Amino acid sequence: MKTRLLGRWGERIAADYLRVKKYSVIGMGYTTRFGEIDIIAEKRGYIVFIEVKLRRSRDFASAMEYVDSRKQHRIKMSAQIWLAENSDTDRPARFDVIEIYAPDGEKTGNPIINHIKNAF
């Protein structure tokens, strides 16, 4: 349960970051039978499907490395369903990853955010 709450905190941090960068957040926590898309946003005519990865540090591996090919496939399948349900959306899609490094979890005043555009 604690991990899930910490993950939601990371997603809120990422959504706030995106809003500052002039993205319109149009959905969070979109779930299908294939998996979940953490954030769906739009900017400059693109629909952007965003996976958020929260880690304490890069010591073992970067957060992006946890978005393996199997995870990418599940996100893409979920994105196809979202696009089909929102057929008025004729815009191109993009898949981004936002890495958040917060050594002290929610107690961290300034987590490090790394936005990887077109990650896969």
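See the structure above.
In this numbering scheme, every chain counts its residues from 1 along its sequence in written order. Local features in this predicted model are restricted to residues whose pLDDT is 70 or higher, and side-chain atom pairs enter the listing and the counts only when it is 80 or higher, whereas totals over whole chains, interfaces and linings include all residues. The side-chain values count all of the structure's non-hydrogen atoms but skip hydrogen atoms and water molecules.

Enquirer: What exactly am I supposed to notice about the pattern of salt bridges here?
Expert: Only one rule defines a salt bridge in this text: a Lys or Arg side-chain nitrogen within 4 Å of an Asp or Glu carboxyl oxygen. In this structure the tally under the stated criterion is seven salt bridges. For the salt bridge of Asp16 with Arg19, the shortest nitrogen-to-oxygen distance reads 3.3 Å. Of the two residues, Asp16 and Arg19 are both situated in helix α1 (residues 2-20); the distance of three residues between them amounts to about one turn of the helix. Here's how the labels work: a residue is buried when its accessible area is under 20% of the maximum for its type, exposed when over 50%, partly exposed in between, all with a 1.4 Å probe on protein chains only. The exposure class of Asp16 is partly exposed, given its relative accessible area of 44%. Of the residues examined, Arg19 reaches a relative accessible area of 42% and is grouped as partly exposed. Measuring nitrogen to oxygen at the nearest pair gives 3.6 Å for the salt bridge that ties Glu51 to Lys71. Of the two residues, Glu51 is situated in strand β3 (residues 46-55) and Lys71 in helix α2 (residues 69-85); the sequence distance between them amounts to 20 residues. Of the residues examined, Lys71 reaches a relative accessible area of 18% and is grouped as buried. The network of salt bridges with shared partners includes Arg8, Glu11 and Glu36. Numbering of helices and strands runs from the N terminus, with a helix taken as a DSSP run of H or I at least four residues long and a strand as a DSSP run of E at least two residues long.

Enquirer: When you look at the side chain of Glu11 in this model, what are you seeing that I'm missing?
Expert: By the element assignment, Glu11 lies in helix α1. Residue Glu11 is classed as buried on the basis of its relative accessible area of 8%. Side chain to side chain, Glu11 and Arg8 meet in a polar contact 2.7 Å long. Working rule for contacts: check all heavy atoms of both residues, and any pair within 4.5 Å makes them a contact. Aside from chain neighbours lying at most four places away, what touches Glu11 is Met28, Asp38, Ile39 and Val52. Polar contact criterion, stated in full: a pair of N or O atoms within 3.5 Å, where within protein one must be able to donate a hydrogen and the other to accept it, and residues adjacent in sequence count only if both atoms are side-chain atoms.

Enquirer: Is there a simple way to explain the sheet that holds strand β1 (residues 24-31) in this structure?
Expert: Sheet strands line up and pair through hydrogen bonds in the backbone, either parallel or antiparallel. By this definition, two strands are paired if DSSP reports at least two bridges between them. Taken in spatial order, the five strands of this open sheet run β1-β2-β3-β4-β5, and their pairing is mixed. Of all the strands in the sheet, the pair left with one neighbour each is β1 and β5 (112-116). Here the strands of the sheet are splayed against their neighbours by 25° on average, with no regard to which way each runs. In the sheet, strand β2 (residues 36-43) pairs with β3 via five bridges, with the strands oriented antiparallel. The residue of β3 that forms the bridge with Lys43 is Tyr46. Angles run from 0 to 180 degrees between N-to-C directions of axes, and those axes are lines fitted to C-alpha atoms, restricted for helices to the stretch in contact. Against the sheet, α2 makes contact with β1, β2, β3 and β4 (93-101), and its axis sits at roughly 145° relative to β3, the strand it touches most.

Enquirer: Is there a simple way to think about α2 in this case?
Expert: Residues that lie three or four places apart on an α-helix share one face, since the helix turns once every 3.6 residues. Taking 1.5 Å of rise per residue, 17 residues should cover 24 Å, and α2 covers 24 Å from first to last C-alpha, within 8% of that figure. Looking only at α2, the buried set comprises Lys71, Gln72, Ile75, Ser78, Ala79 and Trp82. Down the axis of α2, the smallest arc covering the buried residues is 130°, so these residues share one side. Exposed side chains of α2 directed beyond 90 degrees from the buried face belong to Ser69, Arg70, Gln80 and Ala84. How far a helix is expected to stretch is found by multiplying one less than its residue total by 1.5 Å. Taken from the helix axis, the directions to the C-beta atoms give the arc we talk about.

Enquirer: What is the right way to read unusual backbone geometry from this model?
Expert: Glycine aside, a negative phi is what most residues show, and trans is what most peptide bonds show. Here the phi dihedral of Arg44 falls at roughly 50°; this positive angle occurs in a residue that is not glycine. On the secondary structure map, Arg44 appears in the loop between β2 and β3. Within the chain, Asn118 stands out as a residue other than glycine whose phi angle is a positive 50°. Inspection of the secondary structure puts Asn118 in the segment after β5. A relative accessible area of 55% means that Asn118 is categorised as exposed.

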